[in-house]
Amino acid sequence: MRLPLRPRTSPRTAPRLRTPLSLCLAAAAPLLVTVPPAHAADTTPGCAAPGARAFPLTTRIHDGPDTYEAGGGYGTWYLDLTNTTARPCTAIHPVVVLVDQRRALKPAQPRLDFYDGTTARPHPVRFATTDEAELVGAFDDGFPGFTVDPGQTLTVKVRLALAPDAGPNEITANAAVVQRHADDGDWVGQSNDYRFDVEAGPGAGPPTPAATAPAATAPPGEGLSFTDELARTGIGTAHLVLAATSVLLVTAGALLLARRRR
């Protein structure tokens, strides 16, 4: 079973990447209870007109601090989603990718929350690690996604803190934006890079040696299919459907990484 994520950009430049199984299952876990069955009817209208060559949402990260202290308080930044079309964009889920220079950042060390604008309670973002030692986290904490009206800009408030054991580092944050449908989704936006430094907190020990990234997975189209990989793990058919559907948001992060590397 392959659930295509359809980039809303030129077919000649659109990247293609099959998400590693380890990333799919790790990041899919918190989404399983919120994603509709694969056979559910898709009532979400497309954000962009068919054949559009540009992303319908212009996406920008801004006003974030230049430095964070490990073990310190939260730093606040903002993600602007601007709808450049005449159609409403609904069921919008940003996917944040964190790439650290030392390749030593662990999924539990960044503490990222976002606000949906309806309550004062923040939604946590859970990160998973790719085979290239990057972190990917979807904005999905059980809410149906953001809605951006035609010609309007929605600003999402985000806060980030680093755990005390996060050593000195340089991190780049980037966001891909996905419009989720019943059993797949559209890649509808991509942000600028947000770079910041991490400083050791008081009483921190010596820096942890940089991690060596594991070998990359096979290029797209080579090796086992997604279904074959799931079958090797012994996961049943029902779980296969749920996992494949849930992987939608995470796939956007993997596609973004592929585009950046190219």
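The following paragraphs examine the structure supplied in this document. Residue positions are counted from 1 within each chain, in the order its sequence is given. Two thresholds apply to this predicted model, a pLDDT of at least 70 for residue-level local features and 80 or more for giving and counting side-chain atom pairs, whereas whole-chain, interface and lining totals are computed over all residues. Side-chain descriptors were evaluated using all non-hydrogen atoms of the structure, hydrogens and water having been removed beforehand.

### Section: the overall build of the chain
Alright, step 1. When its secondary structure is counted, the chain shows 4 helices and 14 strands.
Alright, step 2. Working rule for contacts: check all heavy atoms of both residues, and any pair within 4.5 Å makes them a contact. In the chain, the share of contacts with a sequence separation of at least 24, taken over all contacts with a separation of at least 6, comes to 80%.
Alright, step 3. Using a 1.4 Å probe, the Shrake-Rupley method yields the accessible areas, and only the shown protein chains count as cover for residues. Roughly 12200 Å² of accessible area belongs to the chain as shown, and the carbon and sulfur atoms make up 53% of that amount. By the criteria applied, helices consist of DSSP H or I runs no shorter than four residues and strands consist of E runs no shorter than two, each listed in order from the N terminus.

### Re the nonpolar core
Alright, step 1. Trp77, Leu112 and Phe139 are the most contacted members of the largest nonpolar core, which totals 35 residues.
Alright, step 2. Counting only elements with at least two residues in this core, the list comes to strand S2 (57–62), strand S4 (75–83), strand S5 (89–100), strand S6 (110–114), strand S10 (146–148), strand S11 (153–162), strand S12 (169–180) and strand S14 (194–199).
Alright, step 3. Apart from residues no more than four positions distant in its own chain, Leu112 is found in contact with Trp77, Val96, His123, Pro124, Val125, Phe127, Phe139, Val158, Arg159 and Leu160.
Alright, step 4. In this structure, Val99, Val136, Ala138 and Val178 belong to the second largest nonpolar core, which totals 6 residues. The criterion is simple. A nonpolar core is a set of buried Ala, Val, Leu, Ile, Met, Phe, Trp, Tyr and Cys residues joined through side-chain atoms within 4.5 Å. Each residue gets one of three labels from its accessible area relative to the maximum for its type: buried under 20%, exposed over 50%, partly exposed in between, using a 1.4 Å probe on protein chains only.

### Examining the side chain of Thr59
Alright, step 1. By the element assignment, Thr59 lies in strand S2.
Alright, step 2. Counting of polar contacts relies on pairs of N or O atoms within 3.5 Å, with two restrictions inside protein: one atom must be capable of donating a hydrogen and the other of accepting it, and residues adjacent in sequence are counted only when both atoms are side-chain atoms. A polar contact is formed between the side chain of Thr59 and the backbone oxygen of Leu57, at a distance of 3.5 Å.
Alright, step 3. Not counting chain neighbours up to four residues away, the residues in contact with Thr59 comprise Leu79, Asp80, Leu81, Val177, Gly189, Gln190, Ser191 and Asn192.

### Observations regarding the pairing of S14
Consecutive side chains of a regular strand alternate in pointing toward one face of the sheet and then the other.
Alright, step 1. Side-chain alternation along S14 places Tyr194, Phe196 and Val198 on a buried face and Arg195, Asp197 and Glu199 on a face that remains uncovered.
Alright, step 2. Bridge analysis of strand S3 (residues 67–69) against S14 gives 3 bridges, and the strand direction is parallel. Paired with Thr67 across the strands is Asp197, a residue of S14.
Alright, step 3. One requirement defines pairing of two strands: DSSP has to find at least two bridges between them. The pairing of S12 with S14 spans 5 bridges and is classified as antiparallel. By the bridge assignment, Ile171 is partnered in S14 with Phe196.

### Observations regarding the state of the cysteines
Alright, step 1. The definition used for a disulfide is geometric: two cysteine sulfur atoms within 2.5 Å. In the structure shown here, the tally under the stated rule is 1 disulfide.
Alright, step 2. Put simply, Cys47 and Cys89 are joined by a disulfide, and their sulfur atoms are 1.6 Å apart. Looking down the S-S bond of the Cys47 and Cys89 bridge, the torsion is 60°, so its handedness is right-handed. With Cys47 in the loop between helix H1 (21–28) and S2 and Cys89 in strand S5, the pair connects residues that are 42 residues apart, well separated along the chain. The two residues Cys47 and Cys89 agree in class, both being buried.

### What to know about the sheet that holds S2
Alright, step 1. Here 5 strands make up an open sheet; going across it, the order is S2-S4-S11-S6-S7 and the pairing antiparallel. Strand pairing shows two members of the sheet lacking a second neighbour, S2 and strand S7 (123–125), which therefore form its edges. The sheet shows a mean angle of 25° between the axes of neighbouring strands, taken without regard to direction.
Alright, step 2. Examined bridge by bridge, S6 and S11 share 5 bridges and lie antiparallel to one another. In the sheet register, Phe114 faces S11, and the bridge partner there is Val158. Working convention: axes come from line fits to C-alpha atoms, limited for helices to the stretch in contact. Angles between N-to-C directions cover 0 to 180 degrees.

### Describing a negative patch on the surface
Alright, step 1. Surface patches are defined over residues having more than 30% relative accessible area and no salt bridge, joining like charges when they lie within 9 Å and nonpolar side chains (Val, Leu, Ile, Met, Phe, Trp, Tyr) when within 5 Å. What makes a salt bridge here is a side-chain nitrogen of Lys or Arg within 4 Å of a carboxyl oxygen of Asp or Glu, nothing more. Residues scored as positive are Lys and Arg, those scored as negative are Asp and Glu, and His as well as the terminal groups of each chain are ignored. Think of each charge as sitting on NZ of Lys, CZ of Arg, CG of Asp or CD of Glu. A contiguous patch of negative charge, built from Asp66, Glu69, Glu170, Asp197 and Glu199, is present on the exposed surface.
Alright, step 2. Here Glu69 shows up in strand S3.
Alright, step 3. By relative accessible area, Glu69 is classed as partly exposed at 38%.

### Things to note about unusual backbone geometry
Alright, step 1. Even without being glycine, Asp63 reaches a positive phi, approximately 65°.
Alright, step 2. Along the chain, Asp63 falls in the loop between S2 and S3.
Alright, step 3. Its relative accessible area of 58% is what places Asp63 among the exposed residues.
Alright, step 4. Of note in the backbone geometry, Ala91 takes a positive phi value of approximately 55° without being a glycine.
Alright, step 5. With respect to the helices and strands, Ala91 occurs in strand S5.

### Overview of the pattern of salt bridges
Alright, step 1. Under the counting rule described, the total for this entry stands at 6 salt bridges.
Alright, step 2. Its salt-bridge partner being Arg60, residue Asp80 comes within 3.3 Å of it at the nearest N-O pair. Linking Asp80 in strand S4 with Arg60 in strand S2, this pair joins segments that are 20 residues apart in sequence.
Alright, step 3. For Asp80, a relative accessible area of 10% translates into the label buried.
Alright, step 4. With a relative accessible area of 44%, Arg60 lands in the partly exposed category.
Alright, step 5. The shortest N-O distance in the salt bridge between Asp193 and Arg195 comes to 3.4 Å.
Alright, step 6. The class for Asp193 is partly exposed, based on a relative accessible area of 32%.
Alright, step 7. Under the relative-accessibility criterion, Arg195 is labelled exposed at 51%.

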